[in-house]
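# Structural overview
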Amino acid sequence: MISEASEVDSLVMSTCRLHLDASFQVFKLLSDPTTSHPLAARRCQEVGSHWKAALFRLLESRDMDEAHRLFTRIPSPSVQLYTMMINGYSRTNRIDEAFRLFGCMPVRDTAAWNSMIKAALDCGDSSLGRKLFDEMPERNVISWTTMISGLSRFGWIDAAAELFSRMPRRDTASWNAMISAYCDNGRVKDARLLFEKTPQPNVISWTAMIGGHDQNGESDKALLLFHKLWSSGTKLTPSTYACVLTACANASELGLGTQLHSHTVRTGYSSDAFVSTSLVNLYAKCKQIEDSIQLFCERKERDVVSWTALITGYGLNDRHEDALDEFNKMIASGMRPNQSTFTSALNSCCGLEALDRGKKLHATTVKLGLELDVFVGNSLVVMYSKCGDIEDGLMLFDRMDGRNLVSWNSIIVGCAQNGYATLALKLFDGMRQVNVQPDEITYTGLLTACSHSRMLERGRLIFHLLKHDSSVQVKLEHYVCMVDILGRCGNLEEAEEFIRNMPVEPNSKIWLALLGACRMHANIEVARRTSKKVFDMEPDSSAAYVLLSNIYASAGRWNDVSQTRLMMRCRGITKVPGSSWITLKETRHEFVCGDRSHPMAMEIYKKLDWLGVKLKELGYVYDRTFALHDVDDEQKEAALAHHSEKLAIAFGLISTVEGSTIRVMKNLRVCGDCHSAIKVISQVVGRRIVLRDSTRFHHFRDGLCSCGDCW
DNA sequence: TTAGGGTTAG
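Residues numbered from 1 in each chain as written. Chains lettered and ligands numbered in written order. Predicted model: local features only at pLDDT ≥ 70, side-chain atom pairs only at ≥ 80, totals over all residues. Heavy atoms only, no water.

What follows concerns the overall build of chain A. Across its full length, chain A carries 38 helices and six strands. By principal-axis analysis of the C-alpha atoms, chain A measures approximately 115 × 55 × 50 Å. Within chain A, residue pairs in contact and separated by at least 24 positions form 62% of the contacts whose partners lie at least 6 positions apart. Considering chain A, the positive charge centre built from 83 side chains and the negative charge centre built from 83 side chains are found 1 Å apart. (Helix = DSSP H or I, 4+ residues; strand = E, 2+ residues; numbered from the N terminus. Contact = heavy atoms within 4.5 Å. Lys, Arg positive; Asp, Glu negative; His and termini not counted. Charge placed at Lys NZ, Arg CZ, Asp CG, Glu CD.)

Below is the structure:
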């Protein structure tokens, strides 16, 4: 016999989770009308609430199977319990089960209908959501607001606005839903107009509008609006702080961010997960990575978002090794990375040009079923192409399901940088066939492809398309590309004319592109005029001095070379030394010209001597015009033979498996003699050699280079 | 703790 209420409670509570059947017996006993216990009726109600609490706990832990087991044992569940179950199924993306349960409900109130509508919209079934909304017997303000938010998530902003205009009654939440809908769909001006008209805006309205400005690239406006909110004396919520701190991060407003950090400490909000992550992000973006690390370490609980913020932060601060270490720590801790984590980690692989580690990450995305996610797919395509493995980039792109503009841009730019110009142009045709509208980046990629392959007429055509594409703005970088195309193709005068007729003021990059072309075509006259322009604009940059000096050196005008070098010295400008590196087993081996510091220097030079003999046997002659010192021919030859890229390749040859691809990076543009020599080396050793210089990739194979000698 | 609006990384 059950005697005390507390005993019942504790018995039910303790048995609910693990001993459902025993618990059910207790419930049945209490519900039985033959039980003559005086407290039975009240207990029955109380125990009912305990069932609710138990169900809530299971739903909260997303344990839908256990929740279902519990639910089926409850005699005549209330409409609330049904609705709780529908919400649970919705949160776990089990729309079919939610709908089945909704169909079984003996009675439905408006809340149940609203939950079912939300479930349909959240699970991606917009037609079901709309059908339920149209069929429901009685709509309230929440039904309308749920629909507006749902339609917005599908990008159907006009349909959402139409519903908003038809609402019989609106409250602040409805206005907020519509403001957010506009912001989320990039219509921040419409959002702002609505915000200004909102009858009784609350802190949520303000937060939505601040976040809306920030997420649409208007962080300054976001902060101006925040100052207004601050002046009004409104009590801020953790959400508002999270939002404003992010705007500070995006606007690099470290001062305001630090002040707000202090406020969050005083208000006790700094331990809020969202606020804390915003702070990690703030300090990382403002280049205070040590503060960022400290805040992350102080957190009680780490989640995937804060961990990703830290990994991204390391990347932003050029600490790519640390970023990848942190990623590994995250995996070791059992935390599951998501799309964003991979995006950041893969970006760090690009920063290190670490194809091996990029490939490991790729394998992990496959294991986690994220490989074909569009964000991960795009990051993988970029990683492969930036690490010089464009073939794998292309294979992945072909397998991707939902390609977006970024996917197309990634592969087009990747092809352009890797010397696959014709393919880049073909991909552009494919992109237009599936109605993906190009943007500024697409055109830059296409023009780069044309410039790298000296495709003058295609370049002109692309530039014409760009000028007449009303949805794209012609930017300075496009003019740089066009000057590069004209210059590389030898049309130096036309390039000068093109610059004169530009509707915007040319910058130093434009003139440098022309100067580079002068170097290629040994045009001293244009080079003099052009270098003067760069000297005026950027007196401290070494690039123009080096180019001019090299132009003189190639022509054997050693007096002019000395004059240029003297000018550099007088102005305190130093040339960046050329260096090349190769990464083997996650270790970077770097070389400069004539370097003998490597532990394997002896073997490297022995290999180079051997290569020198083989090259001569094949009739290869050193191109002395690239030896840019006024010394005799024998010395020039020795200097050329020991250029950094050749040292790195020789090291690669003796340290890797026969027949495997060698990947070398160089900080400057590859020298012309090395380019010719590496072509022959690829033939002699029967290997593919990939060399990334400061402007592009060269794929050497069987005596040829992918750039078609247009570097 | 039956239903709607604002928040963190990318």
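For helix 13 (residues 203-215), with 13 residues, the first-to-last C-alpha span of 18 Å sits near the 18 Å given by 1.5 Å per residue. The buried fraction of helix 13 is high, at eleven of 13 residues. The elements touched by buried residues of helix 13 are helix 11 (172-184), helix 12 (188-197), helix 14 (219-231) and helix 15 (238-250). The positive-phi residue at the C-terminal boundary of helix 13 is G217, with phi of around 75°. (Expected span 1.5 Å × (residues − 1). Buried < 20%, exposed > 50% of the residue type's maximum accessible area, 1.4 Å probe, protein only.)

In terms of nonpolar packing, the biggest core is built from 174 residues, with L55, M85, M116, M178, M383 and I411 touching the most fellow members. Apart from residues no more than four positions distant in its own chain, L55 is found in contact with A67, L70, F71, L81, M84 and M85. (Core = buried A, V, L, I, M, F, W, Y, C linked by side-chain atoms within 4.5 Å.)

In this section: the packing of aromatic side chains. All told, the structure shown has 18 aromatic pairs when counted by the stated rule. Among the aromatic side chains, those forming a connected cluster through ring pairs are F99, F102 and W113. Seen from the ring of F133, R139 lies directly overhead, with NZ or CZ sitting 4.4 Å from the centre. We note R170 situated over the ring of F164; from NZ or CZ to the ring centre the distance is 4.4 Å. (Phe/Tyr/Trp six-rings, centres within 6.5 Å; stacked < 30°, edge-to-face > 60°. Lys NZ or Arg CZ within 6 Å of the ring centre and 35° of its normal.)

What follows is about helix 4 (residues 64-72). Given 3.6 residues per helical turn, the α-helix brings residues three or four places apart onto the same face. The complete set of buried residues in helix 4 reads M64, E66, A67, L70 and F71. Taken around the axis of helix 4, the buried residues stretch over an arc of 160°, which confines them to a single face. (Arc of directions from axis to C-beta.)

Following the criterion strictly, the structure yields 37 salt bridges and no others. Of the charged contacts, one joins D322 and R319 as a salt bridge, the two residues approaching to 2.8 Å between their closest N and O atoms. Accessibility expressed as a relative area gives 27% for D322, which makes it partly exposed. Residue classification places R319 among the partly exposed positions, given a relative accessible area of 26%. R557 is the partner of D560 in a salt bridge, and the nearest nitrogen-oxygen pair spans 2.9 Å. (Salt bridge = Lys/Arg side-chain N within 4 Å of Asp/Glu carboxyl O.)

Let's shift gears to the sheet that holds strand 2 (residues 587-592). Taken in spatial order, the six strands line up as 2-1-3-4-5-6 in an open sheet, and their pairing is mixed. Looking at the sheet topology across the chains shown, the edges are occupied by strand 2 and strand 6 (704-705). The pairing of strand 4 (residues 689-692) with strand 5 (residues 697-701) spans four bridges and is antiparallel. Following the sheet pairing, V690 is matched in strand 5 by H699. (Pairing = 2+ DSSP bridges.)

Okay, the protein's contact with DNA strand B next. Taken together, 51 residues form the shell around DNA strand B, and within it N114, D171, N202, T237 and S340 come nearest. Within 4 Å of the protein, the contacting atoms of DNA strand B are 41% sugar and phosphate, with bases supplying the remainder. Here T145 contributes a side-chain N or O atom positioned 3.2 Å from a base nitrogen of DNA strand B. Within the side chain of N281, one N or O atom sits 3.2 Å away from a phosphate oxygen of DNA strand B. Residue composition of the surface near DNA strand B, grouped by class: 17 nonpolar, 29 polar and five charged. (Near = heavy atom within 4 Å. Polar contact = N/O pair within 3.5 Å; in protein donor to acceptor, adjacent residues only side chain to side chain. Nonpolar A, V, L, I, M, F, W, Y, C, P; charged D, E, K, R; others polar.)

What follows concerns the confidence of the model for chain A. Looking at chain A as a whole, its pLDDT mean stands at 90, while 91% of the residues score no less than 70. Low pLDDT, under 50, characterises residues 1-24; the stretch is placed with 37 contacts to residues that sit more than four places away or in other chains. (pLDDT = per-residue confidence, 0-100.)

A word on the pairing of strand 5. Strand 5 sits mainly inside the fold: four of its five residues count as buried. Two successive antiparallel strands, strand 4 and strand 5, enclose a turn made up of four residues. By the bridge criterion, two bridges tie strand 5 to strand 6 in an arrangement that is antiparallel. In the sheet register, F700 faces strand 6, and the bridge partner there is C705. In this structure, the hairpin formed by strand 5 and strand 6 is closed by a connection of two residues, where D702 is found at a positive phi of approximately 50°.

Turning our eyes to something else, we now look at the environment of T422. Tracing the chain through its elements places T422 in helix 26 (residues 421-433). You can call T422 exposed: its relative accessible area is 59%. Note: C-alpha distance between T422 and C450 (28 residues apart in sequence) is 8.5 Å.

Moving on, we come to the packing of helix 20 (residues 320-332) against helix 21 (residues 339-352). It is at 9 Å that the axes of helix 20 and helix 21 come closest, and there the two elements cross at 145°. Considering the relative orientation of helix 20 and helix 21, their crossing is left-handed. When helix 20 is examined against helix 21, the residues H320, E321, A323, L324, F327 and M330 are found in contact with a partner set consisting of T341, F342, A345, S348, C349, G351 and L352. For the contact of helix 20 with helix 21, the residue count by class is eight nonpolar, four polar and one charged. (Axes fitted to C-alpha atoms, helices over the stretch in contact; angles between N-to-C directions. Left-handed = near helix turned anticlockwise from the far one by under 90°.)

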